[in-house]
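Listed below are the residues making up each chain.
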Amino acid sequence: QVQLVESGGGLVQAGDSLRLSCAVSGRYVMGWFRQAPGKEREFVAGISWNGGSTVYADSVKGRFTISRDNAKSTVYLQMNSLKPEDTAVYYCAANTRRALVGKASRDYDYWGQGTQVTVSS
């Protein structure tokens, strides 16, 4: 059983930065997704098991950075220049079945409980 625990969410103002953390028991392809009220869950960023490959959604490219520290069993999402439209519950997810970094929810088989990020204008 893979356990994922997110932390680091909160309320910030537009233009601020925030870093999310996800503690994961194991080395897998990891992804960050988000879901805003009334909207479908969407892919934000993904990273390979060794950190050598990263993928981003166009909406966050250049503002968000995904990284990992396998020695600390933690995956991070550094979010800069936050916008009100980034407001959502953010989830980390693990893909234990494949080595490729996918963008679809179905590519990931374990999910964290989510952490709220609210960006005020």
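Just so you know, these numbers come straight off a predicted model, no measurement behind them. Along every chain, residues carry numbers that run from 1 in the direction the sequence is written. Reporting of local features is limited, given that this is a predicted model, to residues whose pLDDT is at least 70; pairs of side-chain atoms are given and counted only at 80 or more, and all residues count toward the totals for whole chains, interfaces and linings. In computing side-chain properties, one takes all heavy atoms of the structure into account and sets aside hydrogens as well as water.

## Structural notes on the overall build of the protein chain
- Per the secondary structure count, the protein chain includes zero helices and eleven strands.
- Radius of gyration here uses only the C-alpha atoms, and the compact-globule reference equals 2.2 Å multiplied by the residue count raised to the power 0.38. The C-alpha atoms of the protein chain give a radius of gyration of 13 Å, which matches the 14 Å a tight globule of 121 residues would have.
- Dimensions of the protein chain along its principal axes, counting C-alpha atoms only, are 40 × 30 × 25 Å.
- Classification of the 121 residues of the protein chain by burial places 44% in the buried group.
- By the convention used here, residues are in contact when the closest approach between their heavy atoms is within 4.5 Å. Within the protein chain, counting contacts between residues at least 6 apart in sequence, those at least 24 apart form 56% of the total.
- The accessible surface values rely on the Shrake-Rupley method and a 1.4 Å probe; as for residues, cover is taken only from the protein chains in view. Surface summary for the protein chain: the accessible area is close to 6300 Å², and the carbon and sulfur share equals 45%.
- Charge assignment: positive for Lys and Arg, negative for Asp and Glu; neither His nor the chain ends contribute. All charge positions are set by atom: Lys at NZ, Arg at CZ, Asp at CG, Glu at CD. One finds the centroid of the 14 positive side-chain charges in the protein chain at a distance of 5 Å from the centroid of its 10 negative side-chain charges. Secondary structure elements follow DSSP: runs of H or I no shorter than four residues count as helices, runs of E no shorter than two count as strands, and numbering proceeds from the N terminus. Note on classification: 1.4 Å probe, protein chains only; a residue is buried when its accessible area is under 20% of the maximum for its type, exposed when over 50%, partly exposed between these limits.

## Description of the nonpolar core
- In this description, a nonpolar core means a group of buried Ala, Val, Leu, Ile, Met, Phe, Trp, Tyr and Cys residues linked to one another through side-chain atoms lying within 4.5 Å. In this structure, W32, L77, M79 and Y90 are the most contacted members of the largest nonpolar core, which totals 34 residues.
- The set of elements that each furnish at least two residues to this core consists of strand 3 (18-24), strand 4 (29-35), strand 5 (42-47), strand 7 (64-69), strand 8 (74-79), strand 9 (88-95) and strand 11 (115-120).
- No other element matches the five residues that strand 9 contributes to this core.

## Digging into the state of the cysteines
- Any two cysteine sulfur atoms within 2.5 Å of one another count as a disulfide. Enumeration over the complete set of coordinates arrives at one disulfide.
- The disulfide that involves C22 links it to C92, with 2.0 Å between the sulfurs. Disulfide C22-C92: torsion about the S-S bond near 55 degrees, hence right-handed. Taken together, the residues span a long stretch of sequence, with C22 in strand 3 and C92 in strand 9 at a distance of 70 residues.

## A closer look at the sheet that holds strand 8
- Between any two strands, at least two bridges found by DSSP are needed for them to pair. The four strands are arranged 1-3-8-7 in an open sheet whose pairing can be described as antiparallel. Both edges of this open sheet fall to strand 1 (4-7) and strand 7, since each of them pairs with a single strand only. Sheet twist, expressed as the average angle between the axes of neighbouring strands with direction ignored, equals 15 degrees.
- Sheet topology places strand 7 next to strand 8; six bridges connect them, and they run antiparallel. Bridged to T65 within strand 8 is Q78. Between N-to-C directions, angles span 0 to 180 degrees; the directions come from axes that are lines fitted to C-alpha atoms, helices contributing only their stretch in contact.

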